[in-house]
Amino acid sequence: MEKTRIIKQIKDNGVVGAGGAGFPAYFKLSSSADTVIANAAECEPLLYSDKELLRRHPEEFIKGLQLAVQLTGASRGIIAIKGKYKDIISTLEKFLSSELEIFRLPDAYPVGDEQVLVWETLKRIVPEGGIPINVGVVVQNAATLYNIYNAVEKNLPVIKKFVTVTGAVEKPFVAEVALGTEISKLIEFAGGVKKELNNRFEILEGGPMTGKLVPLNHPVSKTTGGVIVFPENHYIIHQLRSRASVIIKKAQSFCCMCRSCTEVCPRYLIGHNMKPDQIMKSVSILNELDTRAFLCCECGLCEVYACPLDLSPRLVARQIKAQLLEKGIKNPHHTIPGNVHSVREFRQIPSNRLIMKANLQKYNQTPESITSPILPDSVSIFLQQHIGVPAKSVVKVGEKVREGQVIARVDENSLGADIHSSISGTVVEVNDKLINIKK
Ligand code: SF4
Ligand code: SF4
């Protein structure tokens, strides 16, 4: 099949980056690169979704990577996975072809961050404010590559997602879940929230370091990797509920400029001019907006791991970015660092230390693997599960749809991804955010 037809098939089947913000896969694969990195790091604590996929579908994942290598014209594909997953590595090794290799990552956080990953595997530094293609690399998440295989070889759209449901639930599990499944149904499937919480809990979509708070009726989307239930007084929840205005006031009164946040910041350590202590100084003492906030990847290490005073440079950086964008100011930092910080190697944060620091030991358990997919009686499917413009519904209330049918499209010339129904049923609601379908 020629490149344009394969790319179109990936686009038409709605494949987007499954491990991050949902960047449309066809767009990345239209670039030319010398290397494709399969991001199988899954470095957030408590999550097992990508590992489950790799255990169940190693061959399909490898074929997806081979396709990505061919499409970008790359000469090599690198599977970046933590060295500790020896069972997965030995399975993957059986399917490797000559252009593919495995790179064993350290068990540290955030090795799955794209810029950290590119340095770890290739010793190339992505410029400040840049993306891997600036140094000839395309990075695709493990689940995205599996979806690329399905789209190209089987013409299957993205309608399911591997999700880890864990935390304070009775029976943590990992399973393939129909897109649009409400989180309440997944928690029910996990035997419910632990009784000792007396219904005082919060839910995180994603990992404990970068996840966001969501309500019980929030549906699973193409980028959902995990659902974690925490007691409402857990440290992670407390940090997520903090408001930037309060953090700024706290910074004014007691940030001691100790630089602990900067010393562990992964962007500072790969040579970028990102200094979270200076970000705090800019808002607390200088009363100005430091444009280096644009260089923050929001990994959360400064807040969860480093700061002795529970301050959050991450939250302040996010707030500054929003204010700068409101004023029409874009990231002015694009320097290509000459080298990484000399002590970087010794400043990597081991996952087990992060788990202790974030008070996650209690939830650090291997979830049960559920082999049959979870297909509920009704789904609420978001029209925007990707970067770009939202898809527009092409179905009406009362219309019957079948599993895999396109229900929302993005204009041919806009960046985005089509949306497909994850179950067969009847459309019962269409609004500007989602389409609700009942069996
Ligand atoms: S969240 Fe903190 S540690 Fe992470 S990149 Fe931003 S400033 Fe650095
Ligand atoms: S670690 Fe905390 S106290 Fe120290 S400089 Fe950073 S924000 Fe301030």
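Keep in mind that this is a model prediction, so the values were computed, not measured.

Participant: I tried to follow the site of ligand 2 on my own but got confused; where do I start?
Facilitator: For ligand 2, the set of nearby residues contains 13 residues, the closest of which are Cys255, Cys258, Arg259, Cys261 and Cys307. At the level of secondary structure, the elements contributing two or more residues to the shell around ligand 2 comprise helix 11 (260–264) and helix 13 (276–284). The class makeup of the residues in the shell around ligand 2 is 10 nonpolar, 1 polar and 2 charged.

Participant: What is the right way to look at unusual backbone geometry in this model?
Facilitator: For residues that are not glycine, phi is negative in most cases, and the peptide bond is trans in most cases. In this model, tyrosine 109 is joined to proline 110 through a cis peptide bond whose omega is 0°. Inspection of the secondary structure puts proline 110 in the loop between strand 4 (108–109) and helix 6 (114–122). Of note in this structure, arginine 259 is not a glycine but carries a positive phi near 75°. Relative to the elements of secondary structure, arginine 259 occurs in the loop between helix 10 (244–254) and helix 11. Taking relative accessible area as the criterion, arginine 259 reaches 27% and is therefore assigned partly exposed.

Participant: Before we go on, may I ask you to explain the pattern of salt bridges in this structure?
Facilitator: Any two side chains of opposite charge can pair, so long as their charged atoms come close to each other. In this structure the tally under the stated criterion is 28 salt bridges. A salt bridge links glutamate 114 to lysine 28; the shortest N-O distance between them is 3.2 Å. Of the two residues, glutamate 114 is situated in helix 6 and lysine 28 in helix 2 (residues 25–29); the sequence distance between them amounts to 86 residues. Take glutamate 114: its relative accessible area is 27%, and that puts it in the partly exposed class.

Participant: What's the story with the site of ligand 1 in this structure? I'm lost.
Facilitator: Taken together, Cys265, Pro266, Met274, Pro276, Cys296, Cys297, Glu298, Cys299, Gly300, Cys302 and Arg314 are the residues near ligand 1. Across the shell around ligand 1, the residue classes break down as 8 nonpolar, 1 polar and 2 charged.

Participant: I'm lost on the sheet that holds strand 16 (residues 406–409) in this one. Help?
Facilitator: Hydrogen bonds along the backbone pair up the strands of a sheet, which may run parallel or antiparallel. Strand order in the open sheet formed by 3 strands is 14-16-17, with antiparallel pairing between adjacent strands. Both outer strands of the open sheet, strand 14 (392–393) and strand 17 (419–420), are each paired with one neighbouring strand and no more. Two strands pair when backbone bridges link them, and strand 14 and strand 16 are joined in this way by 2 bridges, in the antiparallel orientation. Following the sheet pairing, serine 393 is matched in strand 16 by alanine 408.

Participant: Is there a simple way to explain the packing of helix 13 against helix 15 (residues 313–326) in this structure?
Facilitator: When two helices pack together, their arrangement is given by the angle between the helix axes and by the axis-to-axis distance. Across the interface, helix 13 lies against helix 15 with an axial gap of 9 Å and an inter-helix angle of 60°. With respect to helix 15, the element helix 13 is oriented oblique. Like other packed secondary-structure pairs, helix 13 and helix 15 cross with a definite hand, here left-handed. Where helix 13 approaches helix 15, its residues Pro276, Ile279, Met280, Ser282 and Val283 are matched on the opposing element by Pro313, Val316, Ala317 and Ile320. Classifying every residue of the contact of helix 13 with helix 15 by side-chain character gives 8 nonpolar, 1 polar and no charged.

Participant: Explain the domain arrangement of the chain here, please?
Facilitator: As a measure of interface size, the accessible area lost when the parts come together is often cited. Domain annotation of the chain identifies domain 1 (3–153), domain 2 (159–234 + 359–376), domain 3 (242–355) and domain 4 (377–439). Here domain 1 and domain 4 have C-alpha centroids that lie 27 Å from each other. Contact with domain 1, which involves 11 residues of that partner, is made by 10 residues of domain 4. Interface area for domain 1 against domain 4, summed over the two sides, is near 810 Å², with a carbon-plus-sulfur share of 57%. Inspection of the region where domain 1 meets domain 4 yields 1 salt bridge. Between lysine 11 and glutamate 412 there is a salt bridge; the shortest N-O distance is 3.8 Å. Put simply, domain 1 and domain 4 have 3 residue pairs in polar contact (both at pLDDT 80 or more) between them. When residues of the side of domain 1 that touches domain 4 are traced back to their parent elements, those giving at least two are helix 1 (3–12) and helix 2.

Participant: When you look at helix 5 (residues 86–93) in this model, what are you seeing that I'm missing?
Facilitator: Since one α-helical turn is 3.6 residues long, residues separated by three or four positions face the same way. Among all positions in helix 5, only Ile88, Ile89 and Leu92 are buried. Across the axial projection of helix 5, the buried residues extend over an arc of 100°, all falling on one side. Lining the buried residues of helix 5 we find helix 3 (49–56), helix 4 (58–72), strand 2 (76–82) and strand 3 (100–105).

Participant: Could you clarify how one ought to interpret the environment of proline 208 in this entry?
Facilitator: For proline 208, the position within the fold is in the loop between strand 8 (201–205) and strand 9 (212–214). When its relative accessible area of 3% is taken as the criterion, proline 208 is described as buried. Separated by 147 residues in the primary sequence, proline 208 and isoleucine 355 place their C-alpha atoms 9.6 Å from one another. In this structure, proline 208 is in contact with Glu44, Pro45, Leu46, Ile228, Phe230, Ile236 and Leu360, ignoring residues within four places of it in sequence.

Participant: Mind showing me how you'd approach the packing of aromatic side chains here?
Facilitator: Centre-to-centre distance and the angle between the planes together describe a pair of aromatic rings. Under the criterion given, the structure shown has 4 aromatic pairs. A centroid spacing of 5.7 Å and a plane angle of 80° characterise the contact between phenylalanine 230 and tyrosine 363, whose relative ring orientation is edge-to-face. Note that phenylalanine 230 is positioned in strand 10 (residues 226–231) and tyrosine 363 in the loop between helix 16 (351–357) and strand 12 (368–369), a separation of 133 residues in sequence. An aromatic cluster of three or more residues is present, and its members are Phe23, Tyr26 and Phe27. Its guanidinium or amino end placed over the ring of tyrosine 48, lysine 51 lies 5.3 Å from that ring's centre, counting from NZ or CZ. Across from the ring centre of tyrosine 305, 5.5 Å away, lies the NZ or CZ of lysine 357, which sits over that ring.

Cut-offs used in this document
- The numbers attached to residues start from 1 for each chain and follow its sequence in the written order.
- Each chain takes a letter, starting from A, and each ligand takes a number, starting from 1, following the order in which they are written.
- A pLDDT threshold of at least 70 governs which residues receive local features in this predicted model, and a stricter bar of 80 or more applies before side-chain atom pairs are shown or counted, although totals over entire chains, interfaces and linings include all residues.
- Note: side-chain values were computed over all heavy atoms of the structure, leaving out hydrogens and water.
- Proximity is defined per residue: if any heavy atom of the residue lies within 4 Å of a molecule or strand, that residue is considered near it.
- Here a helix means four or more residues in a row that DSSP labels H or I, a strand means two or more in a row labelled E, and each is numbered from the N terminus.
- Classification used: nonpolar for Ala, Val, Leu, Ile, Met, Phe, Trp, Tyr, Cys and Pro, charged for Asp, Glu, Lys and Arg, polar for all others including Gly.
- The buried label goes to any residue with under 20% of its type's maximum accessible area, the exposed label to any with over 50%, and the partly exposed label to all in between, with areas taken from a 1.4 Å probe on protein chains only.
- In what follows, salt bridge is the name for a side-chain nitrogen of Lys or Arg lying within 4 Å of a carboxyl oxygen of Asp or Glu.
- For two strands to count as paired, DSSP must find a minimum of two bridges between them.
- Here an axis means a line fitted to C-alpha atoms, over the contact stretch when the element is a helix, while the angle between two N-to-C directions is reported on a 0 to 180 degree scale.
- For classification purposes, an angle smaller than 35 degrees is called roughly parallel, one larger than 145 roughly antiparallel, one from 65 to 115 roughly perpendicular, and anything else oblique.
- For any helix crossing, the convention is left-handed if the near helix is rotated counterclockwise from the far helix by under a right angle, and right-handed if that rotation is clockwise.
- When checking whether two residues touch, look at their non-hydrogen atoms; a contact exists if any pair is within 4.5 Å.
- For the domains described, the bounds stem from an automatic or database domain assignment.
- The term buried area denotes the loss of accessible surface (1.4 Å probe radius) that occurs when two parts are joined, taken as the sum for both partners.
- Counting of polar contacts relies on pairs of N or O atoms within 3.5 Å, with two restrictions inside protein: one atom must be capable of donating a hydrogen and the other of accepting it, and residues adjacent in sequence are counted only when both atoms are side-chain atoms.
- In this context, the arc is that of the directions from the helix axis out to the C-beta atoms.
- Any Phe, Tyr or Trp ring, taking Trp's six-membered ring, that has another such ring centre within 6.5 Å forms a pair; planes under 30 degrees apart are called stacked, those over 60 apart edge-to-face, and the others tilted.
- Two conditions define a charge located above a ring, namely a distance within 6 Å from the ring centre to NZ of Lys or CZ of Arg, and an angle within 35 degrees of the ring normal.

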